[in-house]
Amino acid sequence: IRLRAIGRIELLPKYVRARLDRCVDRLSKNDGLLLTLALSYGGRSEIVDAVRAAADSVRRGETSATALDEVSFRRFLYAPDLPDPDLLIRTSGEMRVSNFLLWQIAYTEIHITDTLWPDFRKGDLFAAIAEYQTRERRFGRVSERTTDR
């Protein structure tokens, strides 16, 4: 497993950042899964930081403002290679996304469970996936299912 951290990592205490950097470095040659930790992270902050980076890119002449679209803007996010989540599991019955991956979850399916995170187990995950499998993924399009009205 490789390790990556996204967020405003520079705001972490120096000793935490040093340990994190050592862990990331130690695991960097692994070629299995990639674990991404969101530390000192907020979705709004990510979007603001991405807008600043895009503006800097325009100012340096690396891109033009008119060339920016949803696809090209993605490269300014903390982890542009991270695919959009298919499923967001919200524990503890909360009915909000809590400032998490706001750009990336535009078309993510949300599963809400009353189970608290410390109590969340394999069976809860399987239940969420089973429920997800019944959904029609439309990504903003109109349903392809026919309805008689």
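Not measured: the values here are computed from a predicted model.

Participant: How would you explain the environment of Leu 37 if you had to name every residue and give the values?
Facilitator: Within the secondary structure, Leu 37 sits in strand β2 (residues 34–38). Judged by relative accessible area, which is 30%, Leu 37 ranks as partly exposed. Residues within four places of Leu 37 in sequence aside, it is in contact with Leu 3, Arg 4, Ala 5 and Ile 6.

Participant: Kindly report on the pattern of salt bridges, identifying the contributing residues and their values.
Facilitator: A side chain with one charge may pair with a side chain of the opposite charge, provided their charged atoms come close. One pass over the structure, following the stated rule, counts twelve salt bridges. Residue Asp 49 pairs with Arg 8 through a salt bridge whose shortest N-O separation is 2.8 Å. Pair noted here: Asp 49 is in helix α2 (residues 43–59) and Arg 8 is in the loop between β1 (2–6) and α1 (14–27), with a separation of 41 residues, a long-range link. A network of salt bridges, in which partner residues are shared, links Asp 86, Glu 109, Glu 131, Arg 135 and Arg 137.

What counts, and where the lines are drawn
Residues numbered from 1 in each chain as written. Predicted model: local features only at pLDDT ≥ 70, side-chain atom pairs only at ≥ 80, totals over all residues. Heavy atoms only, no water. Helix = DSSP H or I, 4+ residues; strand = E, 2+ residues; numbered from the N terminus. Buried < 20%, exposed > 50% of the residue type's maximum accessible area, 1.4 Å probe, protein only. Contact = heavy atoms within 4.5 Å. Salt bridge = Lys/Arg side-chain N within 4 Å of Asp/Glu carboxyl O.

Take it as geometry only, folks, not as evidence of what the structure does.
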